[in-house]
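Here is what each chain is made of, one letter per residue.
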Amino acid sequence: MEVCVKDLDSHATKALLVSRALLVKIKRDIENQIRGLLKNLGLVIGRAKMNMFAVRAAQLAEDRSERFAAVDPLLKAREAVEQQIVDLDRKVLRLARNNAQVRRFMTAPGIGPVTALCFLATIDDPARFKRSRSVGAYAGLTTRRYASVEIDWTGRISTCGDKMLRSYLYEAANVLLTRVAKWSALKAWGIRLAKRSGLRKAKVAVARKLAVILHRMWIDGPEFKWSSKDTADQPA
């Protein structure tokens, strides 16, 4: 099997994204640990966005010194990790703004700087793929299939390939289907598929389509083309 050697810029960008992903996971693990400690005492933080998590956790823990002694170090660790994530996000944004191809990727709905940079660094050279639809398989977004004399079945996605790229494309598909207000042929197709097969399968299918679209944008050079018949494409 042919192995492609990526350039140093791609490796450096991917290393930056790996570091960011690890810190995001550490922050989430710390938050889950704090939630667990407080829940054992009958205290529930609930849904807390942005800086409200730390405020809410401190409020629940401050009444008892022994409770605060357990939670406060975790809150300080979370704050330190969060600051590092903010610093890395600035670097990611700077890289995205300074790369014309990444900026073109970001014209596609649901694609932010992290996903765009991850796609650029992971694929590295679009000429590696003769067909754009092969990129979906490379990211593990195609269904597994087993065939023998008596058996022929198709299962869930293969999950082969780059896990980070696959997760970011899936997240982008979720944003496209649930948050992006502007209609496009891609969103209309995804919504129809969700009604027919379920939202989870639709997200995987849209993520695979996004991989194909980004590769074509890279090969052909244009920005994302929004449908001129958005209204007609909306599901009834």
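Every chain's residues receive numbers from 1 upward, in the order its sequence appears when written. Side-chain atom pairs in this predicted model are given and counted only at pLDDT of 80 or more, local residue features only at pLDDT of at least 70, and totals for whole chains, interfaces and linings cover all residues. The side-chain quantities take in all heavy atoms of the structure and omit both hydrogens and water.

**Student:** Would you mind going over the overall build of the protein in detail, with residue names and values included?
**Tutor:** A run of DSSP states H or I qualifies as a helix once it reaches four residues; a run of E qualifies as a strand once it reaches two. Both are numbered from the N-terminal end. Counting its regular elements, the protein contains 10 helices and 2 strands. Reading the secondary structure of the protein in the N-to-C direction produces α-α-α-α-α-α-β-β-α-α-α-α. Split into buried and exposed, the 236 residues of the protein put 38% on the buried side. Summarising the internal contacts of the protein: among those between residues at least 6 apart in sequence, 60% fall at separations of at least 24. Think of it in three bands: residues with accessible area under 20% of the maximum for their type are buried, residues over 50% are exposed, and the middle band is partly exposed, with areas taken using a 1.4 Å probe on protein chains only. Here a residue-residue contact requires only that any non-hydrogen atoms of the pair lie within 4.5 Å.

**Student:** Before we move on, could you go through the nonpolar core and cite the residues and values that matter?
**Tutor:** Side-chain atoms within 4.5 Å link the members of a nonpolar core, which is a set of buried Ala, Val, Leu, Ile, Met, Phe, Trp, Tyr and Cys residues. Counting 59 residues, the largest nonpolar core has Ile34, Phe119 and Leu169 as its most contacted members. Only helix H1 (8–39), helix H2 (52–61), helix H3 (65–97), helix H4 (100–105), helix H5 (113–123), helix H7 (163–178), helix H8 (185–197) and helix H9 (199–220) provide two or more residues apiece to this core. Tallying contributions element by element places H9 first for this core, with 10 residues. Contacts of leucine 169, omitting those with residues within four sequence positions, involve Thr115, Ala139, Leu141, Ala207, Leu210, Ala211 and Leu214.

**Student:** Could you give an account of H3, naming the residues involved and the relevant values?
**Tutor:** One less than the residue count of a helix, multiplied by 1.5 Å, gives the span that helix is expected to have. Between its terminal C-alpha atoms H3 stretches 47 Å, which fits the 48 Å expected from 33 residues at 1.5 Å a residue. Note that the bend at a residue is defined as the angle between axes fitted to the seven residues ending at it and the seven residues starting at it. At valine 71, H3 is bent by approximately 30 degrees, the largest bend along its length, and proline proline 73 sits one to four residues beyond. Within the sequence span of H3, burial applies to Arg67, Val71, Asp72, Leu75, Arg78, Val81, Glu82, Ile85, Leu88, Val92 and Ala96. Contacts from the buried residues of H3 go to H1, H2, H4 and H5.

**Student:** Can you explain the pattern of salt bridges? Please cite residues and give values.
**Tutor:** One side-chain nitrogen of Lys or Arg within 4 Å of one carboxyl oxygen of Asp or Glu is enough to make a salt bridge. Under the criterion given, the structure shown has 9 salt bridges. Residue aspartate 29 is joined to lysine 25 by a salt bridge in which the shortest nitrogen-to-oxygen separation is 2.9 Å. In this pair, aspartate 29 and lysine 25 both sit in helix H1, 4 residues apart, roughly one turn of the helix. You can call lysine 25 partly exposed: its relative accessible area is 42%. Between arginine 90 and aspartate 87 there is a salt bridge whose closest N-O contact spans 2.8 Å. One end of the pair, arginine 90, and the other, aspartate 87, are both in helix H3, 3 residues apart, so they sit about a helical turn from each other. Using a relative accessible area of 25% as the deciding quantity, one classes aspartate 87 as partly exposed. Look at the salt bridges and you will find they share partners, linking Lys27, Glu31, Arg78 and Glu82 into a network.

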